[in-house]
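# Survey of secondary and tertiary structure
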Amino acid sequence: MDSLQNQRVLIVGGARDIGLAVAGAVADAGGTAVIGARGAAKAESAAASIPGAEHVLIDITDEGSVTAALDAAAPLDHIVITTSAHHNVPVTELEHDATVTAFETKVIGPLLLAKHAAGRLPAHGSILLFSGQAAWKPSPGYSIMGITNGAVSFAAKHLAVELAPVRVNAISPGVIDSGSWDSMGAADKEAFLSSSAEGTLVKRVGRNRDITDAVLWLLTAGFVTGETIHVEGGAPLA
């Protein structure tokens, strides 16, 4: 595995949860984490918590914001995109605007970021997208999450061909105790994570380290492209 020493990695959605964990792992691996977020205060605070980190403002749904962020963050070696906008309701209750936002955040925005990053990334560079378990194990009420996550996996394959030699891959996480479930309250969170653990082959939920290990490998695995790596504890098979 190659090193991230002296390489610059933009993490879009890097101000919290998995994105923030990725930023910390990049710094630990010798790289410079550039935290991209929509909120200036959150981005600045997150960057201050990680040695050597920088921050830029970026709204993945706004093409002008994307190009401005790429200019501000340059030069870059890799880009990691963790953004999402959930619209988890039954199909009979779908709202048009929320559905569009989900696709803009998870699929269209990353495609436009790839459009503008294509001529900026070096030959050894890469783009890493985030898919998700809902794409592989359909469940009522999660159609939009599943469809957008599935589209991300296809995007990785198509972009890998079109942007070569820049590599494009995706990670599909399962349920990760990343901090995103904390708002449920301690008791409800514990019940949810316990139930989710029983739905895996390894009988536990994921940890941020499970994801960051996969991220660091894909950023430095120079012979891997167009792939979706499942970090789900075997949940789709359970």
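Residues numbered from 1 in each chain as written. Predicted model: local features only at pLDDT ≥ 70, side-chain atom pairs only at ≥ 80, totals over all residues. Heavy atoms only, no water.

## Observations concerning the pattern of salt bridges
Short version of the rule: By convention in these notes, a salt bridge is any Lys or Arg side-chain nitrogen within 4 Å of a carboxyl oxygen on Asp or Glu.
For the structure shown, the criterion picks out eight salt bridges. In the salt-bridge network here, residues are joined through shared partners; they are Asp177, Asp182 and Lys189.

## Things to note about the pairing of strand β5 (residues 126-130)
What counts here: Residue exposure (1.4 Å probe, protein chains only): buried if accessible area is under 20% of the type maximum, exposed if over 50%, otherwise partly exposed. Counting from the N terminus, the helices are the DSSP runs of H or I reaching at least four residues and the strands are the DSSP runs of E reaching at least two. For two strands to count as paired, DSSP must find a minimum of two bridges between them. Call a crossover right-handed when, viewed with both strands pointing away from you, the route from the first strand across the helix to the second goes clockwise.
Here β5 lies mainly inside the structure; five of its five residues are buried. Going residue by residue along β5, you find Ser126, Leu128 and Phe130 tucked away on one face and Ile127 and Leu129 tucked away on the opposite face as well. Pairing analysis gives three bridges linking strand β4 (residues 78-81) to β5, with the strands arranged parallel. Paired with valine 80 across the bridge in β5 is leucine 128. After leaving β4, the chain enters helix α4 (residues 96-117) and then returns to the sheet as β5, a path that is right-handed. One ladder, built from five bridges, connects β5 with strand β6 (residues 167-173); its direction is parallel. Considered in β6, the bridge of serine 126 is made with arginine 167. Crossover connection from β5 via helix α5 (residues 143-163) to parallel β6: handedness right-handed.

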